[in-house]
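Understanding the architecture of this molecule
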Amino acid sequence: MADNQKSKKTDFSILVVDDEPANIDLLQGILSPYYQVKVAPTGHIALKVVEQFTPDLILLDIMMPGIDGHEVCRQIKTSPELAPRLAKVPIIFVTALGQGQDEEKGFELGAVDYITKPISPALVLARVKTHISLAHQVRVTEQEVKIRTQELLRSQQSAISMLAAAGHYNDTDTGHHIWRMAAYCQCLALASGWSPEDASLLAQAAPMHDTGKIGIPDSILKAPRRLTFDEMEVMRTHAAIGYEILTRSNSPLFSLAAEIARYHHEKWDGSGYPYALKGDRIPLSARIVAIADVFDALTMKRPYKKAWPDEEAFAYIESESGKHFDPQLVSAFLSIKEEVLKTKAYWNELEARNELPSIEAFLP
């Protein structure tokens, strides 16, 4: 094993922590031909070293004055300052202590192995090589997974953008409506107690709420007037069409988008469509989208109407509490007026500059 390792010195680094100079010299002599070695004579100094330096492996004595090896290991594995960077660095205890309870404690703290004194050079090299190789393999695998996950996320974001744009391609709405509305959804979800992750998922799903409009004739979508009864009946089919399209995927994001597409025109009092659902029978996601969608529709200019002033739009939302909208959500929406208006101004500025929005704006 040692002969094989003599071929070249690697770029891997090891931190040796021991209060006995003779032990440090011995371990440094064994390891330095093959690894970059740093040393620390106390637990306190070791913690100072790892604040600035990330080793590939730590050889850690247990019995040291002041901060012992167990405490050094605990802080490295659990402290908010160190753990995010060092929790996966393998720690091997080097100790004269016997096996049993002390080894059990070390493993519970996060150590990966023990080397007992007196030290065998061949054993030290073999254990160190094994654990560095394992840790390196884990890091490489995690990086590959991260890259693939990012690629999948980008593909999913592209699909969101395309489906959202398809639903409004022939509509009279501006493209920014769907993103501005999604931003309102995120604000309202957070104000209603949703986690940042769930609110983000809702904001990513919401732009696809009108995907079904791709199946509605241009003559209806582009009509510069209010629709007739028969035209409105056709328009209402977009909820079912969108649901059918979006249920082709069973991912959490597209399942949520399908739910929103199907139910976002339901009303709290049961007068909505397509199923005339009442109250809590309407999915919460769709109830949130209903408020955000109507508020944005009211405050944007369309061929058949002027944009409503903000306060009039808020007043309308309030007046529909218990009728069109969930009363609790209305209260939450009115409680974040300032945030809603800041969000509106941000997206209007993007629209004025003709900047294309990105779904990344809604990631937690």
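Residues numbered from 1 in each chain as written. Predicted model: local features only at pLDDT ≥ 70, side-chain atom pairs only at ≥ 80, totals over all residues. Heavy atoms only, no water.

As recorded in an unreviewed UniProt entry, the protein chain goes by the name Two-component system response regulator, listed as coming from Alteromonas stellipolaris.

1. Structural notes on the overall build of the protein chain
What counts, and what does not: Runs of E in the DSSP output that reach at least two residues are strands. Runs of H or I that reach at least four are helices, and both are numbered from the N terminus. Two residues form a contact once any of their heavy atoms are found within 4.5 Å. Residue-level accessible areas treat just the shown protein chains as cover; the underlying method is Shrake-Rupley with a 1.4 Å probe.
Across its full length, the protein chain holds 17 helices and five strands. Taking contacts inside the protein chain between residues at least 6 apart in sequence as the whole, the part at least 24 apart equals 64%. About 18400 Å² of surface is accessible on the protein chain, with carbon and sulfur atoms providing 54% of the total.

2. Topic: the state of the cysteines
Heads up, the condition is: The term disulfide is used for any two cysteine sulfur atoms that are within 2.5 Å. Using a 1.4 Å probe on the protein chains alone, a residue whose accessible area is under 20% of its type maximum counts as buried, one over 50% counts as exposed, and one in between counts as partly exposed.
Using the criterion set out here, one finds zero disulfides in the structure. Considering cysteine sulfurs only, cysteine 185 is the nearest to cysteine 187, which forms no disulfide, with 9.3 Å between them. Looking at cysteine 187, the relative accessible area reads 9%, which means it is buried.

3. Considerations on helix H4 (residues 69-78)
Condition: Regarding the arc, it is the one traced by the directions from the helix axis to the C-beta atoms. Two N or O atoms count as a polar contact when they lie within 3.5 Å, although within protein this holds only if one can serve as hydrogen donor and the other as acceptor, and sequence-adjacent residues are included solely when both atoms are side-chain atoms.
Within H4, burial applies to Gly69, His70, Val72, Cys73, Ile76 and Lys77. One face of H4 carries all of its buried residues, which in axial projection span an arc of 160 degrees. For H4, the side-chain oxygen to backbone nitrogen distance between the N-cap and histidine 70 is 3.3 Å, and the N-cap itself is aspartate 68.

4. Here's the deal with the pattern of salt bridges
Let me state the cut-off plainly: Only one rule defines a salt bridge in this text: a Lys or Arg side-chain nitrogen within 4 Å of an Asp or Glu carboxyl oxygen.
Applying the stated rule across the entire model yields 16 salt bridges. Here aspartate 56 ties to arginine 139 by a salt bridge, and the two come within 3.1 Å at their closest N and O atoms. With a gap of 83 residues between them, aspartate 56 in the loop between helix H3 (43-52) and strand S3 (57-61) and arginine 139 in helix H7 (residues 121-167) connect regions that are remote in the sequence. According to the relative accessible area criterion, aspartate 56 is buried, its value standing at 14%. Notably, a salt bridge pairs glutamate 142 with lysine 88, separated by 2.4 Å at the nearest N-O pair. Linking glutamate 142 in helix H7 with lysine 88 in the loop between helix H5 (83-86) and strand S4 (91-95), this pair joins segments that are 54 residues apart in sequence. Overall, lysine 88 belongs to the exposed group, its relative accessible area being 59%. Sharing partners across several salt bridges, the network here consists of Asp18, Asp61 and Lys117.

5. Brief notes about the nonpolar core
Our working definition: Here the nonpolar core consists of buried residues drawn from Ala, Val, Leu, Ile, Met, Phe, Trp, Tyr and Cys, with membership extended through side-chain atoms lying within 4.5 Å.
The biggest cluster of nonpolar side chains holds 38 residues, and the ones touching the most others in it are Cys185, Leu202, Ile291, Phe295, Ile317 and Phe333. Residue assignment for this core shows that the elements contributing at least two residues are helix H8 (176-191), helix H9 (196-205), helix H13 (252-263), helix H14 (284-299), helix H15 (310-319) and helix H16 (327-335). Ranked by residues supplied to this core, first place goes to H14 with eight residues. Excluding anything up to four places from it in sequence, leucine 202 contacts Cys185, Ala189, Trp194, Leu256, Ile260, Ser285, Ile288 and Val289. Leu47, Cys73, Leu109 and Ala111 belong to the second largest nonpolar core, which has 21 residues in total.

6. Looking at the environment of glutamine 204
Mapped onto the elements, glutamine 204 comes out in helix H9. Here glutamine 204 falls in the buried class, since its relative accessible area comes to 6%. Taking the C-alpha atoms as reference points, glutamine 204 and phenylalanine 254, 50 residues apart in sequence, are found 9.3 Å from one another.

7. Examining the sheet that holds strand S5 (residues 113-116)
Selection criterion: We call two strands paired when DSSP finds no fewer than two bridges between them. Note on method: axes are straight lines fitted to C-alpha atoms, helices fitted across the in-contact stretch only, with angles between N-to-C directions ranging 0 to 180 degrees.
Within the open sheet, the five strands sit side by side as S2-S1-S3-S4-S5. Their pairing is parallel. Looking at the sheet topology across the chains shown, the edges are occupied by strand S2 (36-40) and S5. Strand-to-strand twist in this sheet, taken as the mean axis angle between neighbours without regard to direction, amounts to 20 degrees. As judged from the five bridges shared by strand S1 (residues 13-17) and S2, these two strands associate in the parallel manner. Along S2, the bridge assignment pairs isoleucine 14 with valine 37. Along the sheet, helix H2 (residues 21-31) contacts S1, S2 and S3; its crossing angle with S2, the most-contacted strand, is approximately 170 degrees. In the packing of H4 onto the sheet, contacts are made with S3, S4 and S5, and the angle to S4 comes to roughly 175 degrees.

8. Some points on unusual backbone geometry
For the bond running from lysine 117 to proline 118, omega is 5 degrees, close enough to zero to count as cis. Within the secondary structure, proline 118 is located in the loop between S5 and H7. Cis geometry is found at the peptide bond from tyrosine 273 to proline 274, where omega equals 10 degrees. Mapped onto the secondary structure, proline 274 falls in the loop between H13 and H14. At alanine 276, a position not held by glycine, the phi torsion is positive, near 55 degrees. Along the chain, the position of alanine 276 falls in the loop between H13 and H14. Of the residues examined, alanine 276 reaches a relative accessible area of 41% and is grouped as partly exposed.

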